[in-house]
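Here are the chains, one letter per residue:
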Amino acid sequence: ILHVVQSLDPAWGGIARALADLATELCAQGESCRIATLAGGRFGSAPDIDGVEVLRFESSDSPLGRSPDFNRRIPELAADADVVHLHGLWTGQNWSAGKAARSGRTPYIMTPHSHMMPWAWRRSAWKKRPAGWLFEHHNLRRAACLHALADGEAEHIRKLRFNDRIAVVPNGIHGAAYSSLPSPDGLIERFPELKDRRWLLFLGRIAEQKGIVPAMQACFDMAASGDDWQFVVAGPDEFGMKRMLQAAIARKGLSDRVTFTGMLSRDDVRACLGHASVLLQPSLSEGLSVSVLEALASRTPVILSPGCNMPEVGEADAGRIVEPTRSAIASALRVMLNDPADNLRAMGERGRALIADRFDWSVVIPKYREMYAKVIAGTSP
């Protein structure tokens, strides 16, 4: 299996994390995996992955991320593979890899990772149309399979009518890694304002897509009411929004109620999840968020938007699903955080059970292997 992705740098968020785990788990089950990725400049550095061959290609910082070295090697790499798996859309790699796979008659799978959800599909459409006309629309039509991470994402992919060969297989997570969580003392030492506060956690890139603005506004309403909440924003400032948000916070006189931690280590992320009262993720567009899976595995109740594509959370009563607006989020926060502690603990336990039943890698990997086997055999997923 040849995976093609723009970046494996952890700062690139969920795709990098999920792909590294996916490849590791596939190899543990006897599959052979390579990952071809860009490195340097805005694409960062690709870590080594146990058991997986990681091929790093230098790239310019162009919007598409073109790499002459990748373009030279991809026909050979695609010919050596039984199946090529493209992650994300609108990349120079997809242009070259799709063409190489078709020329060598190697079947390929495309995982949009939320890029075909309505908000993401419409965003910067004037930039995406030329890429679509040049290569990406053709890639989507000729793919052996389009891979959706959730039923909701599959529904929107189907509506765009490029390809009706769609498989739905979710991201996975190692639930056991979240059964015992580190102490938050190290975080409190670095950020003293967190002491003796209950944390409302936003975990992910600081980006409009993630619903950071309505989430912060809802927390303003909570803080202004005199409650002892601290809004903890844990993630990289990919688009330079932090300065704008800090100015808005200062105008409200609430600078002491918001903590920006920046990018955290995995242990610090687990400590955050273990201490947080609730995870806020009112995203405008998601495939399937790894952060949400981590929170549920950590027994942390969640407040999500419908755009997170996880109706299972509502069905399991492991959190609340609300529209990504200030008033809806604030209302859900007030209800949830006024619940008795026993109710929140029970909600957290239901979230952990949901992970074990539906999203643990032990459950998910057989579904990925079945998808690859069908594509290689030429049968429709």
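Cut-offs used in this document
- Within each chain, residue numbers correspond to sequence positions counted from 1 in written order.
- Since the coordinates come from a predicted model, pLDDT governs what is reported: local features require at least 70, and pairs of side-chain atoms require 80 or more to be given and counted, while whole-chain, interface and lining totals use all residues.
- Hydrogen atoms and water are omitted, and side-chain values are computed over all heavy atoms in the structure.
- Strands are runs of DSSP state E lasting at least two residues, helices are runs of H or I lasting at least four, and both sets are numbered from the N terminus onward.
- Any pair of residues with heavy atoms lying within 4.5 Å of one another is described as a contacting pair.
- We call two N or O atoms a polar contact when they sit within 3.5 Å, provided that within protein one can donate a hydrogen and the other can accept it, with sequence-adjacent residues counted only if both atoms are side-chain atoms.
- Note on pairing: DSSP must find at least two bridges between two strands before they are called paired.
- Lines fitted to the C-alpha atoms define the axes, with helices restricted to the stretch that makes contact. Angles between their N-to-C directions range from 0 to 180 degrees.
- Points on a 1 Å grid over protein atoms alone make up a cavity when a 1.4 Å probe fits among them but cannot get out, and a pocket when they form an open set with protein on both sides within 12 Å along at least five of seven lines; lining residues each have an atom within 4 Å of a point.
- Grid points are joined across faces, edges and corners, and a volume is the space filled by probe spheres set on the points.

Points about the environment of S59
For step 1, the next point in the chain: By the element assignment, S59 lies in the loop between β3 (53-58) and α2 (68-80).
For step 2, the next point in the chain: With residues near it in sequence (within four places) discarded, S59 still touches L38, A39, F43, G65, R66 and S67.
For step 3, the next point in the chain: Reaching out from S59, the side chain makes a polar contact with the backbone oxygen of G65 at a distance of 3.5 Å.
For step 4, the next point in the chain: There is a polar contact of 3.0 Å between the side chain of S59 and the backbone oxygen of R66.

Topic: the side chain of H137
For step 1, the next point in the chain: Within the secondary structure, H137 is located in helix α5 (residues 125-142).
For step 2, the next point in the chain: Not counting residues up to four positions away in its chain, the partners in contact with H137 are W90, W121, G132 and F162.

Some words on the sheet that holds strand β7 (residues 166-168)
For step 1, the next point in the chain: Taken in spatial order, the seven strands line up as β3-β2-β1-β4-β5-β6-β7 in an open sheet, and their pairing is parallel. If you trace the sheet from one side to the other, it starts and ends with β3 and β7, each paired once. With strand direction ignored, the average angle separating the axes of adjacent strands in the sheet is 25°.
For step 2, the next point in the chain: Sheet topology note: the strand β1 (residues 2-5)/strand β4 (residues 84-87) ladder contains three bridges and is parallel. Opposite H3, over in β4, you have H85 as the bridge partner.
For step 3, the next point in the chain: On top of the sheet, helix α1 (residues 14-28) reaches β1, β2 (34-39) and β4; it is set at about 170° to β1, its chief contact.
For step 4, the next point in the chain: Packed onto the sheet, helix α15 (residues 361-377) meets β1, β4, β5 (108-111), β6 (145-148) and β7 and runs at close to 170° relative to β6.

Notes on empty space enclosed by the protein
For step 1, the next point in the chain: This model, assessed by the stated rule, comprises three cavities of 30 Å³ or more.
For step 2, the next point in the chain: Looking at the largest cavity, its volume works out to about 60 Å³.
For step 3, the next point in the chain: Around the largest cavity, the lining residues are I15, A18, L19, L22, H85, H87, T111, H113, H147, L149, N171 and Y368.
For step 4, the next point in the chain: Of all elements in the fold, only α1 and β4 reach the threshold of two or more residues within the lining of the largest cavity.

All we've got here are geometric facts, nothing functional implied.
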